[in-house]
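# Structure assessment
One-letter residues, chain by chain:
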Amino acid sequence: ACRDSKLFTKDLHFDGVPVRIYLPRAPSASKRRGVIFIHGGCGIFGSIRSHERICQYLARELDSVLVSVGYRLAPEHKYPAQNLDCLTATEHFLKTAENYGVDPGRIIVCGDSVGGTFTASVCQELVNRRDIPKIRAQVLIYPFLQGLNFNLPSYQKNASIAFLSRERTVHFVLKYLNKDCSLKEAILAGSHVPESMNLKCRKWINPDLIPDTLKLGYKPPLATSFLPQVHEKTKELLETRFSPLLVEDAVACCLPDTCVITCEHDVLRDDGLLYKKRLEDNNVKVTWHHIQKGFH
């Protein structure tokens with residue numbers, strides 16, 4: 001992307017994490033809002049450069065200071081290095097916002113796809129911190145939010161969709177976690193989840209919670225056996241850092257105002273819908289935008 005004449009652009013490091021910061025050139029009478037943007041790419045590709053145009057657009061149209069985070073990529077850098085980089089950069093900006101002409105009380109975190117995962121994870125990890133300003137809001141753009149159930153209605157409906165199919169999603173998940181991709185079929189079947197976990201999470205991750213209009217043609221999958229050896233090799237799938245949808249209510253109820261964006265033709269659609277419901281059930285203010293005919 002070309003440089004934007006309405007923005008200053010600087011490449012910096014926030015406590016060792018590469019960032020690109022976009023600052024509107026026009027003077028402002030008061031402190032500006034701040035945006036922390038975390039790019040998608042399954043945690044294994046994408047970069048500050050790949051998302052430069054959307055970041056320029058957001059900084060320009062919102063008249064806000066935007067920080068794009070260049071977190072380390074898997075599998076060269078093992079999970080959870082990516083989450084930790086995003087957390088480090090966010091903490092740094094919250095602490096130093098005024099140095100960039102930003103009101104520390106008006107900072108949002110935003111991300112697409114796995115960037116939405118990292119956004120949700122960062123907001124959950126910082127929710128009880130008292131030594132830094134509170135995040136004002138989070139924006140989750142078709143986020144991946146759970147590794148427990150790959151048989152939700154949106155996974156069935158869009159199983160063979162272009163770009164991000166059901167099988168490819170799990171393939172990327174295993175690549176990201178640096179796991180053996182031969183485990184894919186067992187994960188797709190749900191054999192990695194202990195029955196106790198399924199029972200606990202049924203109130204949060206359940207096809208019955210998806211509106212009827214969005215699950216036409218859904219067929220409950222056949223029951224499968226739990227495979228302890230698969231669970232042992234892929235336990236990270238059920239960590240809240242990887243699956244923010246599994247967080248406890250005590251954390252969920254303290255999360256900031258949230259905007260969730262979902263697409264009709266996207267395996268991850270139901271992740272966003274279920275997180276929306278979880279937050280609403282915990283009295284968090286949620287705005288939902290659903291893009292009809294939209295793709296991941």
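Residues numbered from 1 in each chain as written. Predicted model: local features only at pLDDT ≥ 70, side-chain atom pairs only at ≥ 80, totals over all residues. Heavy atoms only, no water.

Under an unreviewed UniProt entry, the protein chain has the name ADCL4 protein and belongs to Bucco capensis.

### Comments concerning the layout of surface pockets
Here the largest pocket defines a volume of roughly 540 Å³. Residue lining of the largest pocket: 21 residues in total, with Asn149, Ala189, Asn198, Arg202 and Pro221 positioned closest to the centre. Tallied by class, the residues present in the lining of the largest pocket amount to 12 nonpolar, six polar and three charged. (1 Å grid on protein atoms, 1.4 Å probe; cavity = no way out; pocket = protein on both sides within 12 Å on 5 of 7 lines; lining within 4 Å. Points joined across faces, edges and corners; volume = space filled by probe spheres on them. Nonpolar A, V, L, I, M, F, W, Y, C, P; charged D, E, K, R; others polar.)

### Let's talk about empty space enclosed by the protein
With a probe scaled to a water molecule rolled over the atoms, the places where space remains empty come into view. Counted by the stated rule, this structure contains one cavity of 30 Å³ or more. There is about 140 Å³ of room inside the largest cavity. Lining the largest cavity are Cys42, Ser113, Val114, Thr117, Phe144, Leu164, Thr169, Phe172, Val173, Tyr176, Phe242 and Leu268. Within the residue set of the lining of the largest cavity, elements represented by two or more residues are helix H3 (114-126) and helix H5 (166-176). The residue inventory of the lining of the largest cavity, partitioned by class, reads nine nonpolar, three polar and no charged. Residues from two domains meet in the lining of the largest cavity; each of domain 1 (7-146 + 241-295) and domain 2 (153-238) gives at least three. (Helix = DSSP H or I, 4+ residues; strand = E, 2+ residues; numbered from the N terminus. Domains from an automatic or database assignment.)

### A few points about the packing of aromatic side chains
According to the stated counting rule, one finds 12 aromatic pairs in the structure shown. When the centroid spacing of 6.0 Å and the interplanar angle of 45° are considered together, the rings of phenylalanine 14 and tyrosine 100 count as tilted. Remark: tyrosine 100 occurs in the loop between helix H2 (81-96) and strand S5 (102-112) and phenylalanine 14 occurs in strand S1 (residues 7-14); sequence separation between them is 86 residues. Among the residues examined, phenylalanine 14 registers a relative accessible area of 1% and is labelled buried. Tyrosine 100 sits in the partly exposed class, given a relative accessible area of 21%. For the pair phenylalanine 93 and tyrosine 100, a centre-to-centre distance of 6.1 Å together with 45° between the ring planes defines the contact as tilted. (Phe/Tyr/Trp six-rings, centres within 6.5 Å; stacked < 30°, edge-to-face > 60°. Buried < 20%, exposed > 50% of the residue type's maximum accessible area, 1.4 Å probe, protein only.)

### Let's talk about the packing of H2 against H3
Interaxial distance between H2 and H3 falls to 10 Å at its minimum, and their mutual angle equals 60°. Relative to H3, the element H2 is oriented oblique. Crossing of H2 over H3 shows right-handed handedness. In contact with Gln82, Asn83, Cys86, Leu87, Thr90, Glu91 and Leu94 of H2, H3 contributes Phe118, Ser121, Val122, Glu125 and Leu126. When grouped by side-chain class, the residues that make up the contact of H2 with H3 number six nonpolar, four polar and two charged. (Axes fitted to C-alpha atoms, helices over the stretch in contact; angles between N-to-C directions. Parallel < 35°, antiparallel > 145°, perpendicular 65-115°, else oblique. Left-handed = near helix turned anticlockwise from the far one by under 90°. Contact = heavy atoms within 4.5 Å.)

### Considerations on the pattern of salt bridges
Tallied over the entire structure, the rule returns 23 salt bridges. For lysine 200, the salt bridge is made with glutamate 248, and the minimal N-O distance between the two is 2.7 Å. Taken together, the residues lysine 200 in helix H7 (residues 195-201) and glutamate 248 in the loop between helix H8 (228-233) and helix H9 (249-252) connect sequence positions 48 residues apart. For lysine 200, a relative accessible area of 37% gives the class partly exposed. Salt-bridge contacts for lysine 215 lead to aspartate 212; the nearest nitrogen and oxygen are separated by 3.9 Å. By relative accessible area, which is 19% here, lysine 215 ends up buried. Its relative accessible area of 57% is what places aspartate 212 among the exposed residues. (Salt bridge = Lys/Arg side-chain N within 4 Å of Asp/Glu carboxyl O.)

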